[in-house]
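So the chains spell out like this:
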Number of protein chains: 2
Amino acid sequence: MERIIDLSQTIEENMPVYPGDLRTELFQTHYLGVHGYNSYRLQTNSHAGTHLDSPMHLLTSREFIGELPLQSFIGEGCVLDVRGQPVIKTVAEYEARIKEGSAVLLYTGHDRFYGMPEYYRDHPVVDPEFARFLLGKKIKMLGVDLPSPDKYPFPVHKLLLGNKIFILENLTNLGRLLDVPSFDLIAFPLKIKADSSLVRAAARIHCRK
Amino acid sequence: MERIIDLSQTIEENMPVYPGDLRTELFQTHYLGVHGYNSYRLQTNSHAGTHLDSPMHLLTSREFIGELPLQSFIGEGCVLDVRGQPVIKTVAEYEARIKEGSAVLLYTGHDRFYGMPEYYRDHPVVDPEFARFLLGKKIKMLGVDLPSPDKYPFPVHKLLLGNKIFILENLTNLGRLLDVPSFDLIAFPLKIKADSSLVRAAARIHCRK
């Protein structure tokens with residue numbers, strides 16, 4: 001037996017977007033009673049809701065996110081409780097806790113402000129020194145329950161993406177993973193010719209007997 | 001060690017869509033050299049490319065696909081070689097081969113016509129009797145390398161969706177699974193308030209030592 005924990009925010013009409021981004025539109029185009037089927041249309045930028053950034057977002061790269069190997073977006077996860085830290089720094093115990101090739105998730109609890117102006121205005125950031133530590137660990141992905149792990153001029157984005165470490169933003173429910181001994185993170189991007197992609201991010205927990 | 005096989009078609013500007021559907025648009029809105037970052041905008045109906053149909057597509061239901069439990073969209077997969085059959089019928093060996101709760105994939109090879117008019121015009125269909133057999137097996141999903149497992153008035157869609165068996169359409173690469181002893185299918189829909197969803201479908205193969 002296993003459990004799946006959903007780590008994704010909802011995609012809907014007028015969902016929150018990063019300040020300055022075009023709004024996300026989601027509307028019904030066909031109705032069962034009129035057309036014989038229901039259908040919807042989604043019009044969104046590649047950074048709305050729970051999404052993955054790839055190097056092309058901020059660096060010179062012609063490799064679309066949908067062309068990257070799927071192995072990069074699935075693997076053993078590790079959640080770190082970093083609540084209460086305006087600047088998230090590395091601590092000694094991470095050396096043992098974070099395994100090479102894992103997906104590291106930072107649980108800040110800031111997702112409680114999702115949908116409010118504070119969510120984008122006053123969010124915690126990752127110390128670039130911590131980002132450099134993660135480069136050394138050759139992690140696959142860094143996931144956060146934040147709109148971004150940094151602010152302009154985005155030093156953490158550039159460090160991670162420059163080393164092909166993908167960034168998973170606007171996660172939620174990370175607190176539910178704190179007591180989980182081991183899980184796989186699954187966050188496949190769409191097979192899309194774009195810099196970044198909306199994703200359904202989830203933790204797959206293998207229950208021990 | 002494990003391998004991942006991608007089963008998805010590419011999402012791009014002017015990709016093929018079901019006849020009569022609105023076209024999919026994908027265009028760059030922001031450029032690194034001008035805006036400091038690259039970003040794209042996707043405008044698509046919920047049935048373009050590789051996607052999952054949920055009951056709301058053809059039946060009276062108010063449950064959006066993004067609200068359904070993720071456990072429904074991951075699990076042991078089973079690929080059946082049904083090439084050369086204009087009407088895909090059940091055969092005796094399926095009784096033993098198809099396990100309850102699995103995701104059944106039908107390899108027709110018809111995806112070689114993807115992007116051509118023949119793809120939508122002359123595709124194989126699933127015999128409703130076979131669909132009834134799959135209901136009895138309580139499978140999770142039926143996946144096809146076709147635009148649809150049936151044609152108007154969509155008897156197979158209605159049988160499967162009416163029993164909460166999801167339909168995965170426009171798959172590709174299914175032939176690569178024929179020699180694989182066992183795999184998990186992963187096809188998470190976006191967490192979207194819509195009837196159906198674009199997905200990245202993949203097979204996760206656990207290599208035996």
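Quick caveat: nothing in here was measured; it's all calculated off a predicted structure.

A.B. asks: Account for the side chain of Ser 72 of chain A, with residues named and values stated.
C.D. replies: Tracing the chain through its elements places Ser 72 of chain A in the loop between strand S4 (51–53) and strand S5 (74–81). Beyond its immediate stretch of four places on either side in the chain, Ser 72 of chain A contacts Lys 140, Met 141 and Phe 166 of chain A.

A.B. asks: Go over the packing of aromatic side chains with me, naming the residues and quoting the values.
C.D. replies: Counted under the stated rule, the structure contains 16 aromatic pairs over all chains. Measuring from centroid to centroid gives 5.8 Å for Tyr 18 of chain A and Tyr 120 of chain A, while their planes differ by 85°, and the two rings are edge-to-face. Of this pair, Tyr 18 of chain A sits in the loop between strand S1 (2–6) and strand S2 (25–30) while Tyr 120 of chain A sits in helix H3 (residues 117–121); the two residues are 102 residues apart in sequence, bridging distant segments of the chain. Among the residues examined, Tyr 18 of chain A registers a relative accessible area of 28% and is labelled partly exposed. According to the relative accessible area criterion, Tyr 120 of chain A is buried, its value standing at 18%. Considering the side-chain rings of Tyr 40 of chain A and Phe 64 of chain B, the 6.1 Å spacing of their centres and the 85° angle between planes classify their relative orientation as edge-to-face. With Tyr 40 of chain A in strand S3 (residues 39–45) and Phe 64 of chain B in the loop between strand S4 (51–53) and strand S5 (74–81), this residue pair bridges two chains. The exposure class of Tyr 40 of chain A is buried, given its relative accessible area of 6%. Members of the aromatic cluster, connected to one another through ring pairs, are Tyr 18, Tyr 114, Tyr 119 and Tyr 120 of chain A.

A.B. asks: Run through the pattern of salt bridges, naming residues and quoting values.
C.D. replies: In the structure shown here, the tally under the stated rule is 30 salt bridges over all chains. Notably, a salt bridge pairs Arg 204 of chain B with Asp 184 of chain A, separated by 3.1 Å at the nearest N-O pair. Of this pair, Arg 204 of chain B sits in strand S13 (residues 202–206) while Asp 184 of chain A sits in strand S11 (residues 183–186), which puts the two residues in different chains. Look at Arg 204 of chain B and you get buried, because its relative accessible area is 5%. Between Glu 76 of chain B and Lys 99 of chain B there is a salt bridge; the shortest N-O distance is 3.0 Å. Residue Glu 76 of chain B is found in strand S5, and its partner Lys 99 of chain B is found in the loop between helix H2 (94–97) and strand S7 (103–107); the two are separated by 23 residues along the sequence.

Cut-offs and rules
- Residues numbered from 1 in each chain as written.
- Chains lettered and ligands numbered in written order.
- Predicted model: local features only at pLDDT ≥ 70, side-chain atom pairs only at ≥ 80, totals over all residues.
- Heavy atoms only, no water.
- Helix = DSSP H or I, 4+ residues; strand = E, 2+ residues; numbered from the N terminus.
- Contact = heavy atoms within 4.5 Å.
- Phe/Tyr/Trp six-rings, centres within 6.5 Å; stacked < 30°, edge-to-face > 60°.
- Buried < 20%, exposed > 50% of the residue type's maximum accessible area, 1.4 Å probe, protein only.
- Salt bridge = Lys/Arg side-chain N within 4 Å of Asp/Glu carboxyl O.

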